[in-house]
Amino acid sequence: MITAAPPYNTVMPEGEPSPDARISEALILAGVTLVLLVSLLQYLDNCFVINANGLWKSVYVRMWANSPATAPVDFANLLYFPVYGLLCRLLDAFGIFVGQTWRQMALLNTVFASIGVGLIYLWIATAFRSRLIGVLAAVFYLGTGFFLALAVINEDIMPSYVWTLTGMMLGALWFGRPSPTRIVLVALVVSVGWLFEWRLMFPVVPPMLLALWLSARRWTARLRRVVLFAAGLTIVPLLLTSSLMVRGTCTRTAECLQQMFWTGKGLGTGWAGFSWVKVKLAWVGMVQSLIGGRFIGSDHWSRHLAHVLEAGVGTLLLIVLALGALRYAWKRRGEPCVVAHLIVFGGTFCAGQVFNLYSQPHDPQMQLTVMPWVILGWAVMMSLLTGQGDPLTGTHNPGPAPWRLALAAVLCLLPLVYNASVLAQGRGGDTRYLSLLARLEQHFDPAHTVFLYRGFEFEVPWKWATWSATNPGVEGLSAAPSPAPRFKWISVAETLIRHPDWSAEQQAADLRAQVDRALSLGYQVIASEIWVMPRETWVEQLVTIGDTEHIGAIHDALKRGFSGEPVLDDPVAGAHYRLTHRYESDAGASARAAH
């Protein structure tokens, strides 16, 4: 049973739900949420409406579903692929979206998100001793931008987030006066979360260690609690080590543990590094996590009125919630449970934003995992608004006025209604892109074609997931025609990401050499709309993984070396261009002029 630290005031709300009643109510709320999310998933018909990362992952999930004994092990998502592979195999057995792994993953995310909403109700109803505040907080968070969006698409973060958030909730409730059993239990839950998604360890574990350190007066007790928590984090990894060694993934226990605790994912790539652009995008990401739920990857978002309005409303809401939560914590700073909540959730936010600034602060999943403090801020605000009582003083008014209750309900539902309407703008995406792939295959025979992409076009992961999971590049390609691999492509982003240490000239020469090689092997090289985008747009769309000089050099080198002839204007993917060497184009133009 989840219980808070003993209260310091003696005012108890009348009709406080019993533990059994809270659990039953949480299950009902989770069930209603699941029906709502599945209905929205079906209505949208778009499992990638804000992010297509799940399409990339779907290939590996299917490997684990079809052949878990031989599927590759990814230490950065150690539990994610085996667990989702097993669950997708079960969905196949029940005839649910058979073979459509990318859609099954989105369906599974709705289940985990619904569980998360039920657990949030349990947490807030326990901490605030109020059914009403628990429901209002859970419904509000369900409708927030990134949680709602990531609950109905196939991005891979939801299961790891729910496990980690559960650990945070338990730690906040228990670490005011922790017992050894509770310390180990929280460590177990958190470890499962970061074994689903490795990076979640970094924003969450340090605040928990700090909360445990401050929960005791004596140094010996502090050390004992911190060491116990650290030891608890190793239990699940140690249990997994034997399985990994049997598979032959690693040969020594120390090797397995080292890879589990430190995968180094993203380091030394274009994803990593601090920049002023990322600072601005971090703010936009925080705002969108509440209102809008859009994946805004450019600092030119202010050109769109809707984005500006969302930024204004979201910023105001964040300020109100932060001030309310901080005032609440300050007034009750003598209560261990309140201090634990402040450290766990406030510390995760601070540590997480620093981590995000180094990686991709505008990415929905990056902001989702460090922003759950808004749930507490909303619960404080709703407690004051409904007249349930002032959580700052412990007073309680058992009967909220009808107008207060109505206003609270409207405010909680507004984010859900608005953010769902934003998602609805991308309705039908799955159908559109599956039809697009059929049209592209009809116009451009894959056996004769290499595609040139920026790297973030939605059609790229669709081809990866449905044609062939082929890494970008032309090394190893045989001469045309070649039916395998079906999807052959060159990526501008890949060069920026994989070789951030190269000079601008080296990166530009690499991209030009790839196109040269594809043409020399007899392939037609078909470029997406990136070919006619101005240099400034290239920089705008790729600035989070490269600087202006390098991106501009690649653009200029390709434009100097090749010309593009429009060959297809698609209603979904836009114009496509066949590239040829510029000297060939110039010679052809001269011949036509002479004729």
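Everything numeric in this text was worked out from a predicted model, so none of it was measured. (Residues numbered from 1 in each chain as written. Predicted model: local features only at pLDDT ≥ 70, side-chain atom pairs only at ≥ 80, totals over all residues. Heavy atoms only, no water.)

A.B. asks: When you look at the overall build of the chain in this model, what are you seeing that I'm missing?
C.D. replies: In terms of regular secondary structure, the chain is built from 25 helices and 5 strands. In terms of C-alpha radius of gyration, the chain reaches 26 Å, essentially the compact-globule figure of 25 Å for 595 residues. Classification of the 595 residues of the chain by burial places 55% in the buried group. By sequence separation, contacts in the chain at least 24 residues apart represent 73% of the contacts at least 6 residues apart. With the model as given, the accessible surface of the chain reaches about 24500 Å², and the carbon-plus-sulfur share is 65%. Here the chain carries 43 positive and 38 negative side-chain charges, and the mean point of each set is 10 Å from the other. (Helix = DSSP H or I, 4+ residues; strand = E, 2+ residues; numbered from the N terminus. Rg over C-alpha atoms; globule rule 2.2 N^0.38 Å. Buried < 20%, exposed > 50% of the residue type's maximum accessible area, 1.4 Å probe, protein only. Contact = heavy atoms within 4.5 Å. Areas by Shrake-Rupley, 256 points an atom, 1.4 Å probe, with all protein chains shown as cover. Lys, Arg positive; Asp, Glu negative; His and termini not counted. Charge placed at Lys NZ, Arg CZ, Asp CG, Glu CD.)

A.B. asks: Any chance you could explain the nonpolar core here in plain terms?
C.D. replies: Nonpolar side chains in soluble globular proteins generally cluster together in the buried interior. If you look at the biggest cluster of nonpolar residues, it comprises 143 residues, and the most contacted ones within it are Ile124, Phe175, Phe229 and Phe345. Sort the elements by how many residues they give to this core and helix H4 (residues 101-128) lands first, with 16 residues. Once residues within four sequence positions are removed from consideration, Phe175 is found in contact with Leu170, Arg182, Ile183, Val186, Met208, Ala211, Leu212, Ser215, Phe229 and Ala340. (Core = buried A, V, L, I, M, F, W, Y, C linked by side-chain atoms within 4.5 Å.)

A.B. asks: Sorry, what's going on with unusual backbone geometry here?
C.D. replies: Glycine aside, residues mostly have negative phi, and peptide bonds are mostly found in the trans state. At the junction of Ala480 and Pro481, the peptide bond is cis and its omega measures out at 0 degrees in the coordinates. Within the chain, Asp45 stands out as a residue other than glycine whose phi angle is a positive 50 degrees. Note on placement: Asp45 falls in the loop between helix H1 (19-44) and helix H2 (53-66). On the basis of relative accessibility, which here comes to 18%, the residue Asp45 falls in the buried class.

A.B. asks: Would you take a moment to explain the sheet that holds strand E1 (residues 449-453) for this structure?
C.D. replies: Backbone hydrogen bonds are what pair the strands of a sheet, in a parallel or an antiparallel way. Judged by pairing direction, the sheet is mixed, and its 5 strands sit side by side in the order E2-E1-E3-E5-E4 without closing on themselves. Looking at strand neighbours, the two that pair on one side only are strand E2 (489-491) and strand E4 (562-570), the edges of this open sheet. Neighbour-to-neighbour, the strand axes of the sheet open up by a mean angle of 30 degrees, direction not taken into account. Bridge count between E1 and E2: 3 bridges; the pairing is parallel. When the sheet's bridge partners are listed, Tyr453 is paired in E2 with Ser491. Helix H24 (residues 548-561) rests against E1, E4 and strand E5 (574-581) of the sheet, and its axis sits at about 95 degrees to E4. (Pairing = 2+ DSSP bridges. Axes fitted to C-alpha atoms, helices over the stretch in contact; angles between N-to-C directions.)

A.B. asks: How should I be thinking about the packing of aromatic side chains in this particular structure?
C.D. replies: Two numbers describe a pair of aromatic rings. These are the distance of the centres and the angle of the planes. Counted according to the given criterion, the structure contains 31 aromatic pairs. Between Trp194 and Phe261 the ring centres are 4.9 Å apart and the planes differ by 50 degrees, which places this aromatic pair in the tilted class. One end of the pair, Trp194, is in helix H8 (residues 180-196); the other, Phe261, is in helix H12 (residues 253-261), and 67 residues separate them in sequence. Positioned above the aromatic ring of Trp219 is the side chain of Arg222, whose terminal nitrogen or guanidinium carbon lies 5.8 Å from the ring centre. (Phe/Tyr/Trp six-rings, centres within 6.5 Å; stacked < 30°, edge-to-face > 60°. Lys NZ or Arg CZ within 6 Å of the ring centre and 35° of its normal.)

A.B. asks: Explain the packing of helix H9 (residues 201-214) against helix H10 (residues 219-233) to me, please; I cannot follow it from the model alone.
C.D. replies: Axis angle and axis distance: for two packed helices, these are the angle between their axes and the distance between the axes, and together they describe the pair. Two numbers describe how H9 lies on H10: the axes approach to 8 Å, and their chain directions differ by 150 degrees. Taken together, the axes of H9 and H10 lie roughly antiparallel to each other. Note on packing geometry: the crossing formed by H9 with H10 is right-handed. Contact with H9, carried on its side by Val205, Met208, Leu209, Leu212 and Trp213, involves Trp219, Arg222, Leu223, Arg225, Val226, Phe229 and Leu233 of H10 and no other residues of that element. Of the residues in the contact of H9 with H10, the class split is 10 nonpolar, no polar and 2 charged. (Parallel < 35°, antiparallel > 145°, perpendicular 65-115°, else oblique. Left-handed = near helix turned anticlockwise from the far one by under 90°. Nonpolar A, V, L, I, M, F, W, Y, C, P; charged D, E, K, R; others polar.)

A.B. asks: What should I look at first to understand empty space enclosed by the protein in this one?
C.D. replies: Following the criterion strictly, the structure yields 3 cavities of 30 Å³ or more and no others. As a volume, the largest cavity reaches approximately 50 Å³. Lining of the largest cavity is provided by Tyr141, Thr144, Phe147, Ser289, Leu290, Gln367, Leu368, Met371 and Val374. A per-class count over the lining of the largest cavity returns 6 nonpolar, 3 polar and no charged. (1 Å grid on protein atoms, 1.4 Å probe; cavity = no way out; pocket = protein on both sides within 12 Å on 5 of 7 lines; lining within 4 Å. Points joined across faces, edges and corners; volume = space filled by probe spheres on them.)

A.B. asks: Is there a simple way to explain helix H17 (residues 373-385) in this structure?
C.D. replies: What sets the pattern is the α-helix's 3.6 residues per turn: residues three or four places apart point alike. Its 13 residues place the ends of H17 19 Å apart at the C-alpha level, agreeing with the 18 Å of an ideal helix rising 1.5 Å per residue. Burial within H17 is extensive, with 11 of its 13 residues counted as buried. Taken together, the buried positions of H17 are Trp373, Val374, Ile375, Leu376, Gly377, Trp378, Ala379, Val380, Met382, Ser383 and Leu385. The inward-facing, buried residues of H17 abut H4, helix H5 (131-143), helix H14 (305-331), helix H15 (336-358) and helix H18 (402-424). (Expected span 1.5 Å × (residues − 1).)

A.B. asks: Can you help me understand the pairing of E4 in this one?
C.D. replies: Put simply, side chains in a regular strand alternate between the two faces of the sheet. Bridging between E4 and E5 involves 8 bridges; their strand directions are antiparallel. Along E5, the bridge assignment pairs Glu565 with Arg578. The hairpin formed by E4 and E5 contains 3 residues between the paired strands.

A.B. asks: Is there a simple way to explain the pattern of salt bridges in this structure?
C.D. replies: Pairs can form between side chains of opposite charge once their charged atoms are near each other. For the structure shown, the criterion picks out 15 salt bridges. Salt bridges sharing partners connect three or more residues here, namely Asp45, Arg103 and Asp430. (Salt bridge = Lys/Arg side-chain N within 4 Å of Asp/Glu carboxyl O.)

A.B. asks: Looking at this model, I keep getting lost on the state of the cysteines. Mind explaining?
C.D. replies: Working definition of a disulfide: a covalent bond connecting the sulfur atoms of two cysteines. Within this structure, the stated rule accounts for 1 disulfide. Covalent S-S linkage joins Cys250 and Cys256, the inter-sulfur distance amounting to 1.7 Å. An S-S torsion of about 65 degrees defines the bridge between Cys250 and Cys256 as right-handed. Like Cys250, the residue Cys256 is buried in the burial classification. Of the cysteine sulfurs around Cys337, a residue in no disulfide, the closest is that of Cys350, at 19 Å. (Disulfide = S-S within 2.5 Å.)

A.B. asks: Would you take a moment to explain H8 for this structure?
C.D. replies: Taking 1.5 Å of rise per residue, the 17 residues of H8 would be expected to cover 24 Å, and the 25 Å separating its terminal C-alpha atoms lies within 8% of that figure. What H8 keeps buried is the set Ile183, Val186, Ala187, Val189, Val190, Ser191, Val192, Gly193, Trp194, Leu195 and Phe196. Looking at the buried residues of H8, the elements they touch are helix H3 (80-93), helix H7 (158-174), H9, H10, helix H11 (235-247) and H12.

A.B. asks: Looking at this model, I keep getting lost on the side chain of Glu310. Mind explaining?
C.D. replies: With respect to the helices, strands and loops of the structure, Glu310 is situated in helix H14. The buried category is assigned to Glu310, whose relative accessible area is 2%. Within polar-contact distance, the side chain of Glu310 engages the side chain of Arg294 at 2.8 Å. In contact with Glu310, not counting residues within four places along its chain, are Val287, Gln288, Ile291, Gly292, Arg294, Tyr418 and Val422. (Polar contact = N/O pair within 3.5 Å; in protein donor to acceptor, adjacent residues only side chain to side chain.)

A.B. asks: Mind showing me how you'd approach the packing of helix H22 (residues 504-520) against H24 here?
C.D. replies: Close contact between H22 and H24 brings their axes to 8 Å; oriented N to C, the two are set at 35 degrees. Relative to H24, H22 is oriented so that their crossing is right-handed. From H22, Ala504, Gln507, Ala508, Leu511, Arg512 and Val515 reach across to H24, where they touch Glu549, His550, Ala553, Ile554, Ala557, Leu558 and Gly561. Class assignment of the residues belonging to the contact of H22 with H24 gives a composition of 8 nonpolar, 3 polar and 2 charged.

A.B. asks: For this particular structure, what's the right way to read the environment of Leu437?
C.D. replies: One can find Leu437 in helix H19 (residues 429-443). C-alpha separation for the pair Leu437 and Ala573, spaced 136 residues apart in sequence, amounts to 9.8 Å.

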